[in-house]
Each structure stands twice: as C-alpha cells, then as structure tokens.
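# Fold and geometry: a report
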Amino acid sequence: AGAGNEGRGAFIVFEGCDRSGKTTQSKKLVAALREKGVDAEWWRFPDRTTGVGRLIDSYLAGKQDTEDDVIHLLFAANRLEKKQELMSKLEGGTTVVLDRYAQSGAAFTMAKATPGLDLAWCMGVEGSRLPAPDVVYFLKAPVEMAAERGGFGDERYEVLEFQRKVADCYMNLSKMEGWRELDATQTIDALHLEICKDAMKVVEACKAGRPIDLLWA
Ligand code: Z5A
C-alpha cells in the first residue's frame with residue numbers, strides 16, 4: 001500500500017488496564033527499535049493536544065460531563081484526525097508504536113454497558129476508516145496490581161470497580177486476531193525482552209510487504 005523500496009513501517013499497539021505498563025513498555029520498545037536501526041515513533045491516544053483532545057482531557061479530568069456516545073465519538077474523532085499522518089508514516093517506512101488505540105475505545109465504552117453502545121456499534125464507528133494494528137500487545141495483570149504501582153490516579157475512569165469491568169471487556173477483545181497476551185506482572189526488563197523479540201518479527205514482515213488491513217476487518 002504505497003510503501004517505497006524500504007517497505008512500510010509496522011503499526012504496533014499497546015493495550016491494557018491502568019498502570020499495566022503500556023507507557024513504560026511502548027517507550028522502551030521504540031528506543032530498542034531505534035537502536036537496531038528501525039525508524040520508529042512513539043504515539044499515544046488520546047492525543048490531548050488537539051482541539052478534540054482538549055475536550056477529552058476536560059472530560060477525563062471530571063471538569064465536564066457528556067453522554068457516553070458523544071465521548072466515544074470524540075475519542076474516535078481524535079484518532080480519525082490523525083489518520084492521514086498515521087498512514088503517511090506507515091507508508092513512508094516509519095514504525096508507529098501506539099500507547100492505546102481503538103481497542104481502548106471499545107473496552108472503555110463497553111464497560112459502561114450503555115444500551116446500544118455494544119461492540120458492534122464501536123466497530124461500526126471506526127471500522128472501515130482506520131488502519132488495523134499489525135499486532136496488539138495486551139498487557140494483562142490483575143487490576144489490584146495498580147495499587148502497588150502508585151494507584152490508579154484521579155481521572156474519571158481510575159476507580160477499581162470500573163477498571164474490573166474494563167479488564168473483562170479486554171479479556172473478550174483479546175480473543176481477536178492479532179492480539180498477543182503478555183504477563184504484565186513480570187519485571188519491566190523481562191517483559192521488554194519478550195516484546196522486542198516478537199516486535200522485530202512484525203517489523204520484518206511489514207517491511208517485506210504485509211498489507212495494511214482495515215480496523216476490525
Ligand atoms: N480511553 C477511552 O476511554 N477511550 C479511548 O478511545 C482511549 C482511551 C484511547 C486516558 O488514558 C484514559 O482514556 C484511560 C482510557 C481512556 N483511562 N483510564 N483508566 P491514558 O493513556 O492517558 O492513561 P492510562 O492508560 O491510565 O496510563 P497509565 O496509568 O499511565 O498506565 P500505563 O501506561 O499502563 O502504565 P505506566 O505508566 O507504564 O506504568 C505505571 C507505573 O508502574 C510506573 O510507575 C511504572 O514505573 C510502573 N511499572 C510499569 N511496569 C512495571 C513492571 N513490570 N513492574 C513494576 N512496576 C512497573
């Protein structure tokens with residue numbers, strides 16, 4: 001899909017509950033890939049720097065309430081507004097490592113159990129409009145572990161009962177193709193080594209011409 005002679009970049013996503021280590025591991029992966037000569041960038045969603053991102057930030061901070069469908073659509077719009085940039089990075093040979101993506105959107109909205117806002121609805125919102133990750137690293141850990149890692153924080157979703165529901169939704173999503181479940185209770189370095197080994201294979205496959213699929217295809 002438009003990749004040059006060097007092949008396209010890989011699209012790698014990290015998912016998991018609060019404090020499971022997504023930011024730590026995704027940043028370490030980018031550093032390791034760069035050391036191996038792979039052109040790689042770290043991104044995160046929500047991107048709180050855009051106009052839509054600022055609305056999301058205000059919602060997460062509890063400064064503003066909004067309907068469940070509206071906030072889901074804002075998270076989706078936040079990804080869609082970065083789609084062109086994401087596609088040109090991948091097609092231009094840059095590997096993009098993302099700390100949360102549409103799978104977070106689905107897990108958090110489904111956890112609310114709002115009538116009508118089920119997985120099919122979530123998939124329909126973005127499904128044919130965004131690229132699919134080449135791999136989703138799912139950092140699985142008991143939600144109680146967050147307490148040992150400094151607590152959940154004080155944003156809207158950062159409470160134990162809700163995180164339990166999110167964890168259940170992640171367990172259902174993780175059965176989908178492309179997800180790799182990882183034991184996030186390991187040490188940072190042990191987990192990093194496991195991820196690096198697998199990610200290099202994904203990077204090579206993408207370089208060799210693996211097509212970019214559509215999300216939820
Ligand atoms: N959200 C949504 O509803 N819909 C959407 O579409 C999207 C998101 C995209 C903001 O996320 C909220 O938006 C989030 C989901 C929702 N709400 N919640 N909950 P965010 O990305 O801004 O915040 P976060 O996911 O809550 O990130 P986090 O709390 O920073 O978690 P993390 O990135 O998984 O963990 P970390 O920062 O790498 O590590 C946390 C601490 O644990 C830190 O001190 C580390 O040094 C330590 N750590 C990490 N790994 C280990 C290991 N292996 N052993 C020991 N200690 C460790």
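Everything discussed here concerns the structure shown above.
Residues numbered from 1 in each chain as written. Predicted model: local features only at pLDDT ≥ 70, side-chain atom pairs only at ≥ 80, totals over all residues. Heavy atoms only, no water.

Turning our attention to the nonpolar core. As a rule of thumb, nonpolar side chains are buried together in soluble globular proteins. One finds Tyr101, Val166 and Tyr170 to be the most contacted residues of the largest nonpolar core, which totals 42 residues. Mapped by element, the contributors of at least two residues to this core are strand E1 (11-16), helix H2 (51-60), helix H3 (68-80), helix H4 (83-91), strand E3 (95-99), helix H5 (102-111), strand E4 (135-140) and helix H8 (160-173). If sequence neighbours within four positions are ignored, tyrosine 170 has contacts with Glu15, Gly16, Cys17, Arg100, Gln103, Ser104, Ala107, Phe108, Phe138 and Trp179. In this structure, Val30, Leu33, Val97 and Leu191 belong to the second largest nonpolar core, which totals 23 residues. (Core = buried A, V, L, I, M, F, W, Y, C linked by side-chain atoms within 4.5 Å. Buried < 20%, exposed > 50% of the residue type's maximum accessible area, 1.4 Å probe, protein only. Helix = DSSP H or I, 4+ residues; strand = E, 2+ residues; numbered from the N terminus. Contact = heavy atoms within 4.5 Å.)

A separate point is the site of the ligand. Around the ligand, the structure places 28 residues, and the nearest of them are Asp18, Arg19, Lys22, Thr24 and Arg100. A distance of 2.9 Å separates an oxygen atom of the ligand from a polar atom in the side chain of arginine 48. Within the contact set of the ligand, a nitrogen atom lies 2.9 Å away from a backbone nitrogen or oxygen of glutamine 186. Bound to the protein, the ligand loses 82% of the 1100 Å² it would expose on its own. For the shell around the ligand, the secondary-structure elements that each account for two or more residues are helix H1 (22-35), H3 and H5. Counted by class, the shell around the ligand contains ten nonpolar, nine polar and nine charged residues. (Near = heavy atom within 4 Å. Polar contact = N/O pair within 3.5 Å; in protein donor to acceptor, adjacent residues only side chain to side chain. Areas by Shrake-Rupley, 256 points an atom, 1.4 Å probe, with all protein chains shown as cover. Nonpolar A, V, L, I, M, F, W, Y, C, P; charged D, E, K, R; others polar.)

Attention now moves to the packing of H1 against helix H9 (residues 188-207). In contact at an axis separation of 10 Å, H1 and H9 are set at 55° when each is read in the N-to-C sense. The orientation of H1 with respect to H9, classified from their angle, is oblique. Considering the relative orientation of H1 and H9, their crossing is right-handed. Packed against H1, whose contacting residues are Thr24, Gln25, Lys28, Leu29, Ala32 and Leu33, the element H9 presents Ile188, Asp189, Leu191, His192, Ile195, Cys196, Ala199, Met200 and Val203 at the interface. (Axes fitted to C-alpha atoms, helices over the stretch in contact; angles between N-to-C directions. Parallel < 35°, antiparallel > 145°, perpendicular 65-115°, else oblique. Left-handed = near helix turned anticlockwise from the far one by under 90°.)

Turning our attention to the sheet that holds strand E5 (residues 179-183). Strands sit in the order E2-E3-E1-E4-E5 across an open sheet of five strands; the sheet is parallel. The open sheet has two edge strands, strand E2 (40-44) and E5, and neither has a second partner. Geometrically, the sheet is characterised by an average inter-axis angle of 20° between neighbouring strands, direction not taken into account. Pairing geometry for E1 and E3, over four bridges, is parallel. From the neighbouring strand, isoleucine 12 faces E3, where its bridge partner is valine 97. (Pairing = 2+ DSSP bridges.)

Moving on, we come to the packing of aromatic side chains. Each pair of aromatic rings is reported with the distance of its centres and the angle of its planes. Taken as a whole and judged by the stated rule, the model has ten aromatic pairs. Where phenylalanine 14 meets tyrosine 137, the ring centres are 5.5 Å apart and the plane angle is 50°; that geometry is what we call tilted. Of this pair, phenylalanine 14 sits in strand E1 while tyrosine 137 is found in strand E4, placing the two residues 123 residues apart along the sequence. Neither phenylalanine 14 nor tyrosine 137 differs from the other in exposure class; each is buried. With a centroid separation of 6.2 Å and 35° between ring planes, the pair formed by phenylalanine 45 and tyrosine 101 is classed as tilted. Of the two residues, phenylalanine 45 sits in the loop between E2 and H2 while tyrosine 101 sits in the loop between E3 and H5, which places them 56 residues apart along the sequence. Tyrosine 101 carries the same exposure label as phenylalanine 45, and that label is buried. In textbook terms, an aromatic cluster arises when at least three aromatic residues are bridged by ring pairs, as seen for Tyr59, Phe108, Tyr157 and Phe162. The lysine or arginine in question, lysine 82, covers the ring of tryptophan 43, its NZ or CZ lying 5.1 Å from the ring centre. (Phe/Tyr/Trp six-rings, centres within 6.5 Å; stacked < 30°, edge-to-face > 60°. Lys NZ or Arg CZ within 6 Å of the ring centre and 35° of its normal.)

Now for the side chain of aspartate 47. Along the chain, the position of aspartate 47 falls in the loop between E2 and H2. Here threonine 49 takes part through its side chain, which lies 2.5 Å from a polar atom of the side chain of aspartate 47. What aspartate 47 contacts, discounting residues up to four positions off in sequence, is Gly53, Asn78 and Lys82.

It is worth stressing that arrangement in space is one thing and function is another; only the former is reported here.
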